[in-house]
2 protein chains.
Amino acid sequence: MTDRIREFLRNRRDDGPCLVVDLDVVRNNYLAFAHALPDTRVFYAVKANPAPEVLSLLASLGSCFDTASVAEAEMALAAGASPDRISFGNTIKKERDIARAFALGIRLYAVDCEAEVEKVARAAPGSRVFCRILCDGAGAEWPLSRKFGCDPSLAVSVLEHAHRLGLEAYGVSFHVGSQQRNTGAWDQALASSAEIFRQCAERGIGLSMVNLGGGFPAKYLNDIPAVEAYGASILDSLRTHFGNAIPETIIEPGRGMVGNAGMIEAEVVLVSRKSEADELRWVYLDIGKFGGLAETMDEAIRYPIHTERDGDTVEDCILAGPTCDSADVLYEKTPYPLPVSLAIGDKVLIEGAGAYTTTYSAVAFNGFPPLKSYHI
Amino acid sequence: MTDRIREFLRNRRDDGPCLVVDLDVVRNNYLAFAHALPDTRVFYAVKANPAPEVLSLLASLGSCFDTASVAEAEMALAAGASPDRISFGNTIKKERDIARAFALGIRLYAVDCEAEVEKVARAAPGSRVFCRILCDGAGAEWPLSRKFGCDPSLAVSVLEHAHRLGLEAYGVSFHVGSQQRNTGAWDQALASSAEIFRQCAERGIGLSMVNLGGGFPAKYLNDIPAVEAYGASILDSLRTHFGNAIPETIIEPGRGMVGNAGMIEAEVVLVSRKSEADELRWVYLDIGKFGGLAETMDEAIRYPIHTERDGDTVEDCILAGPTCDSADVLYEKTPYPLPVSLAIGDKVLIEGAGAYTTTYSAVAFNGFPPLKSYHI
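Residues numbered from 1 in each chain as written. Chains lettered and ligands numbered in written order. Predicted model: local features only at pLDDT ≥ 70, side-chain atom pairs only at ≥ 80, totals over all residues. Heavy atoms only, no water.

S.K.: So what about the interface of chain B and chain A? Which residues, and what values?
M.R.: If you look at the interface, chain B gives 74 residues, while chain A gives 74 residues. Carbon and sulfur atoms make up 61% of the area that chain B and chain A hide from each other, which totals about 5500 Å². Across the chain B-chain A interface, the total number found is 14 salt bridges. The residue Asp286(A) makes a salt bridge to Lys94(B) at a minimum N-O spacing of 2.6 Å. Where chain B packs against chain A, one counts 36 residue pairs in polar contact (both at pLDDT 80 or more). For the side of chain B that touches chain A, the secondary-structure elements that each account for two or more residues are helix 4 (70-78), helix 5 (95-103), helix 6 (114-123), helix 7 (152-164), strand 12 (262-272) and strand 13 (281-285) of chain B. Looking at the side of chain B that touches chain A element by element, the count peaks at five residues for strand 12 of chain B. (Contact = heavy atoms within 4.5 Å. Buried area = accessible area lost by both parts, 1.4 Å probe. Salt bridge = Lys/Arg side-chain N within 4 Å of Asp/Glu carboxyl O. Polar contact = N/O pair within 3.5 Å; in protein donor to acceptor, adjacent residues only side chain to side chain. Helix = DSSP H or I, 4+ residues; strand = E, 2+ residues; numbered from the N terminus.)

S.K.: So what about the domain arrangement of chain A? Which residues, and what values?
M.R.: Residue and element names in this part refer to chain A. Its domain assignment divides chain A into domain 1 (23-258) and domain 2 (260-375). Between domain 1 and domain 2, the residue contacts involve 19 residues of the former and 19 residues of the latter. Summing both sides of the interface, domain 1 and domain 2 together bury roughly 1800 Å²; the carbon and sulfur share of this comes to 60%. Seen at the junction of domain 1 and domain 2, the total is one salt bridge. The closest approach of N and O atoms between glutamate 295 and arginine 255, which form a salt bridge, is 2.6 Å. Our count for the contact surface shared by domain 1 and domain 2 stands at seven residue pairs in polar contact (both at pLDDT 80 or more). For the side of domain 1 that touches domain 2, the secondary-structure elements that each account for two or more residues are helix 2 (23-36), helix 3 (52-61), strand 7 (140-142) and helix 10 (255-258). (Domains from an automatic or database assignment.)

S.K.: I'd like a description of the relation of the copies chain B and chain A, backed by residues and values.
M.R.: For the pair chain B and chain A, the relating rotation is 180°, the translation along its axis is 0.0 Å, and the fit reaches an RMSD of 0.0 Å. The operation mapping one copy onto its partner corresponds to a two-fold rotation axis. Interface overlap between copies is the fraction of interface residues in one copy that are interface residues in the other; for chain B against chain A it reaches 100%, indicating a shared surface. (Least-squares fit on C-alpha atoms with pLDDT ≥ 70 in both.)

S.K.: I'd like to hear about the UniProt feature "active site" (unreviewed entry) in chain A, residue by residue, with values.
M.R.: Per the UniProt annotation, the sites labelled "active site" (unreviewed entry) are Cys324(A). Within the fold, Cys324(A) resides in the loop between strand 15 (314-320) and strand 16 (329-339). With relative accessibility at 17%, the residue Cys324(A) sits in the buried group. For Cys324(A), the residues in contact, after removing those within four places along its chain, are Asn366(A), Lys47(B), Ala68(B), Gly89(B), Asn90(B) and Phe148(B). (UniProt positions renumbered as here; feature names shortened; annotations may be inferred. Buried < 20%, exposed > 50% of the residue type's maximum accessible area, 1.4 Å probe, protein only.)

Given below as structure tokens:
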């Protein structure tokens, strides 16, 4: 909670749950990344929070942008980023979307298989491509599936294919898993990357870049290492695996850039028990899985929640959203301790909500509007 | 697939995934419910698909409407339903939303605890309330959590509280779980309902109505019993537990009303393998969990998928959506058999998609627009 958010909420007059993002925090996060990894270009992961205010601020600070779709690329351009500061980082692209991005001037594309290389070669000839490799994601709170990336053993032939088709085989990318709390998690993937560099060099292909991805955590309930610790550990691994030939590097923070900058204000709609003997209260908020808190799926992200009654005795409760969907329960497997005195109508503040909330909102599920947001 | 949908898709010129709903199928479904349960009023669960075309059709056929929010109630009114044909069926309501619904003329509210009764008594004085009870949901493909409803042991005191506060204690509701394939699933809840009727009568409170909820399935991959079989089984249970004093009944079909009326047309964006030795292909579509197929969560709903290559040899694959979210995988635990010849750019048809798709779409996740829909 920052003073600016507190002041904003004090003066707020409209109704319903809302996200408030303090842009000063985003600025500080950007500067911390730039300071911790001074030789690394920052490609902000637009999907984490594509608010124009966030994009404009980051563009003015010199950030580059990792985009998942043509719409996101257009947003980054509208915010003032030039096309050479934008990557099309989704490995799953329609060929006509690649052509649209190419027409916008974008020349940097992610791939993870030969079929995707062929699309880029046809629709964005001569562009740079980096090959995403699989990475096990151990230590991440929101570990990634095998959806993106190929086995490192395949990456060399994918990059060779790109080279053969007139693209610039530019480098390798990976993602160590979102909300990664192990600062050493990059080491193994960097070892694989160095091996791919070596094998490509043997084939006469000089790779230039390692995309270190995202994974930098936001603070939720547990303490997290400082950005500096990640920077130091990554530099160590780069030196270990690449020796004196340290490649160009980029990072793609999303959650780490905006997560801690935002706070959701919500309201307690109901507190009840299911029977006289029920041990746990049910607390229902006016925001749930379909209104912006989708990352509570499988109770993966556990947000810190504050109330005006903090300090009173707490007791565990089951926390749920307001929709008629029975899956719209936030925390049940691990109940959430909240003040016993919590009452219907109380406001609650959900911290660390600056990333992956507004855009995850359902468009109109149960007639509820998407999450409102203010970027101040 | 109906002829009308086939014809519409043949002439379709716009791009991207879309849902097409055949209103003739919705009409037939409504008539089947009305025929199978002739003495039961149908309250369509608006949340399943709130398209104005669906609501107007059902209003013209005489349907009533189960709404989850004031916005849904307003949509039902706009479609031509009078307020006495609308229930506010969400047990989790802000008091000011109850007041808004009351101002719209709505006089029927769901409750499951005394605190909610008190809100209704203050904001909608004199209205009818029904108490939702818990029900185990065995046999349902999308079983409900304990989120809604109280233990039957508590229902009598909840209804007594309503009576004491000047509300009309109108009846009992329950929900046997969505996509319920056991036609006998209503029996136990009807036994509990009859017991609540009896205990309320002993206290001088005459209940009138049993809300049988939804749960009527749509056809996905497996065959389902006909609506008539549900009607017959429910009538049997009503006679068993209520004898000659059969109460007024209502049903709240959502999926059963619109699920089989809609089909999503999507496109294959990428087909790839993660390594030379990978046994399973990954097939990526331009629609996923965040674009309308949220009910694939935990692989709960398994949609029938057709391609232009049906009849070719099939092989299992992992099916995933187009976003940069690693959770956006549709079927992986139980891979999905699709033609080996399936290629990038192929269209796929996802059946049984008329319910719980459009409104589940994320508002702009990864920059992708919400699911388009056409109701023909």
